[in-house]
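Coordinate inspection notes
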Amino acid sequence: MYHKTVLDNGLKIISERVEYARSVSIGIWVNAGSRDEENSENGVSHFIEHMSFKGTENRNALQIAKELDAIGGMFNAFTGKENTCFHAKVLGKHFSVVADILSDIFLNSVFDPADIEKERGIILQEIKMLEDTPEDYIHDLLQREFWKDDPIGNPILGTKDSIMGIDRNKILDYIKSHYSPENVIISAAGAIDHNDMVGAFSPLFEKIAPCDSDPKRLPPRPNVAHSFYYRDLEQVHMCLGIEAVSIKDEKRFAVSLLNTIMGGNMSSRLFQEIREKQGLAYSVYSFLSSYTDSGMLGIYVACESEHVNTVLSIINNEIKRFLVGDITHSDMAAARDYMVGGIYLASESTESRMIRMARNELIFGRYVPYEETISNIEAVRLDDVVEMANMIFKDQTLSLVTLGPVDEHNLALDKLML
């Protein structure tokens with residue numbers, strides 16, 4: 001059973017009781033992420049996420065950890081391009097304890113300057129760790145080049161220069177201008193009573209005042225990029241990207257099916273052709289990066305440098321198959337079943353349900369029943385996917401970013417033109 005309460009200041013409290021669950025997953029969400037940052041403060045959302053665990057007016061970092069461990073709780077946070085979430089999962093009987101701790105770190109973190117200096121070093125190490133992991137770093141490089149000159153392309157972690165410039169004042173200023181109650185959602189799913197939710201959070205969160213400003217997001221414009229980062233690696237890591245639809249677009253279900261058939265699972269065309277049939281790569285897949293006002297369809301593959309052009313040729317050929325309608329009804333049925341299965345399997349997790357509820361509230365402003373999503377997936381016809389492929393790919397040029405022992409003189413860039 002789903003419930004929603006809107007406080008007088010605009011903050012939303014939403015919950016879903018799951019009768020079979022013993023656990024409850026709770027998240028405090030802020031509709032602010034790395035795309036809402038200025039270049040000079042890039043990484044501040046993620047910095048705030050880290051600092052929220054370092055001590056409040058009522059608890060130090062060790063007390064927070066001990067209290068959570070004492071109830072067997074799992075506690076974490078994450079930052080995305082468009083939102084930030086502080087979340088926990090505990091047995092339902094420990095709800096009041098975890099609600100108090102979550103509220104405390106969200107509302108009363110002290111952001112001690114000494115802790116900021118220590119955490120700065122940790123985040124700089126996190127950035128270095130990402131840059132030392134090419135299969136992850138290549139995605140950051142693609143985002144940076146594809147959304148060039150727009151904050152949505154900036155790395156969530158920030159850069160060395162921007163992190164060095166973040167201090168307590170910058171953190172507090174960002175919170176003051178972005179953590180408005182209208183931008184906050186408290187979401188919970190599992191062994192929870194909605195009245196208990198409202199009783200625990202309302203007295204504390206209804207005191208949050210509106211922000212002084214309300215920064216607006218501007219739709220980003222994609223950039224056709226061909227960028228090559230030479231590094232002495234065993235493989236060439238490649239990411240290709242092209243503009244797709246936003247997460248709000250009615251055609252998002254068609255592009256999701258297109259992505260699934262193209263490279264979304266082990267039976268997908270790219271996986272079968274590049275890995276299984278020709279043995280050219282261990283890791284190959286397609287993916288969607290969808291935002292509230294924009295989107296990108298991407299392809300990742302890592303292979304030896306001598307196979308790069310063969311792989312690009314295969315990708316080109318597989319895309320062209322979609323353009324001429326080379327899709328069968330069995331392809332469609334398998335992709336639908338794969339997507340529907342994933343949705344229903346995820347629904348058995350209280351954490352997944354909590355996240356899904358919050359994101360639907362942030363994006364659509366309402367609860368979206370599972371049945372509605374399934375119905376929309378099943379309504380997509382073969383012709384819709386072919387139309388989507390032509391809308392995205394026909395007469396377009398793929399962006400390409402490489403990381404590894406290759407440069408543009410070694411690449412068949414004509415394969416990027418469709």
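Our subject in this report is the structure included herewith. (Residues numbered from 1 in each chain as written. Predicted model: local features only at pLDDT ≥ 70, side-chain atom pairs only at ≥ 80, totals over all residues. Heavy atoms only, no water.)

**Quick look at the pattern of salt bridges**
Under the defined criterion, the tally for this structure stands at 21 salt bridges. Measuring nitrogen to oxygen at the nearest pair gives 2.8 Å for the salt bridge that ties K4 to E361. Placement of K4 in strand β1 (residues 2–6) and of E361 in helix α13 (residues 350–364) is noted, with a sequence separation of 357 residues between them. Given a relative accessible area of 36%, K4 falls into the partly exposed group. We classify E361 as buried; its relative accessible area is 4%. Taking the shortest distance from any N to any O, the salt bridge between D331 and R269 comes out at 2.9 Å. Placement of the pair is D331 in helix α12 (residues 329–346) and R269 in helix α10 (residues 269–277), with a sequence separation of 62 residues. When its relative accessible area of 22% is taken as the criterion, D331 is described as partly exposed. (Salt bridge = Lys/Arg side-chain N within 4 Å of Asp/Glu carboxyl O. Helix = DSSP H or I, 4+ residues; strand = E, 2+ residues; numbered from the N terminus. Buried < 20%, exposed > 50% of the residue type's maximum accessible area, 1.4 Å probe, protein only.)

**Some remarks on the sheet that holds strand β4 (residues 74–79)**
With mixed pairing, the six strands of this open sheet are ordered in space as β1-β2-β6-β3-β5-β4. Looking at the sheet topology across the chains shown, the edges are occupied by β1 and β4. Sheet twist, expressed as the mean angle between neighbouring strand axes with direction ignored, is 15 degrees. Relative to strand β6 (residues 184–190), strand β2 (residues 12–17) runs parallel, the two being bridged by six bridges. Bridging from a neighbouring strand, K12 pairs with I185 of β6. This element, helix α3 (residues 95–108), spans β3 (23–30), β4, β5 (84–91) and β6 of the sheet and lies at about 160 degrees to β5. (Pairing = 2+ DSSP bridges. Axes fitted to C-alpha atoms, helices over the stretch in contact; angles between N-to-C directions. Contact = heavy atoms within 4.5 Å.)

**Considering the environment of I261**
Within the secondary structure, I261 is located in helix α9 (residues 252–263). For the pair formed by I261 and E408, sequence separation is 147 residues and the distance between their alpha carbons is 29 Å. Discounting chain neighbours no more than four positions away, the residues touching I261 are S268, R269, F322, I327, D331, M332 and A335.

**Here we look at the sheet that holds strand β8 (residues 236–243)**
Judged by pairing direction, the sheet is mixed, and its five strands sit side by side in the order β7-β11-β8-β10-β9 without closing on themselves. The open sheet has two edge strands with one neighbour each: β7 (226–230) and β9 (284–290). Neighbouring strand axes in the sheet, compared pairwise and without regard to direction, differ in orientation by 15 degrees on average. Direction of pairing for β9 relative to strand β10 (residues 295–303): antiparallel, over a ladder of seven bridges.

**A look at unusual backbone geometry**
Note: most peptide bonds trans; most residues except glycine with negative phi. Positive phi outside glycine occurs at F111, with the angle close to 50 degrees. Within the element layout of this structure, F111 appears in the loop between α3 and α4 (113–131).

**What to know about the packing of α9 against helix α15 (residues 382–393)**
The contact between α9 and α15 brings their axes to 9 Å, and the two run at 85 degrees. Classed by the angle they form, the pair α9 and α15 counts as roughly perpendicular. Contact residues: α9 offers A254, V255, L257, L258 and M262, while α15 offers D384, V385, M388, A389, I392 and F393. Looking at side-chain class alone, the contact of α9 with α15 contains ten nonpolar, no polar and one charged residues. (Parallel < 35°, antiparallel > 145°, perpendicular 65-115°, else oblique. Nonpolar A, V, L, I, M, F, W, Y, C, P; charged D, E, K, R; others polar.)

**Some thoughts on the side chain of S347**
Locating S347 in the fold gives a position in the loop between α12 and α13. Within the local environment of S347, its side chain forms a polar contact with the backbone oxygen of Y344, the two atoms lying 2.5 Å apart. (Polar contact = N/O pair within 3.5 Å; in protein donor to acceptor, adjacent residues only side chain to side chain.)

**Some details on helix α7 (residues 168–178)**
Of all the residues in α7, the buried ones are I171, Y174, S177 and H178. Taken down its axis, α7 places every buried residue within 140 degrees of arc, on the same side. In α7, the exposed residues that point more than 90 degrees away from the buried face are N169, D173 and K176. Packing partners of the buried residues in α7 comprise β3, α1 (44–51) and α4. The opening residue of α7 is D167, an N-cap whose side-chain oxygen sits 3.3 Å from the backbone nitrogen of N169. (Arc of directions from axis to C-beta.)

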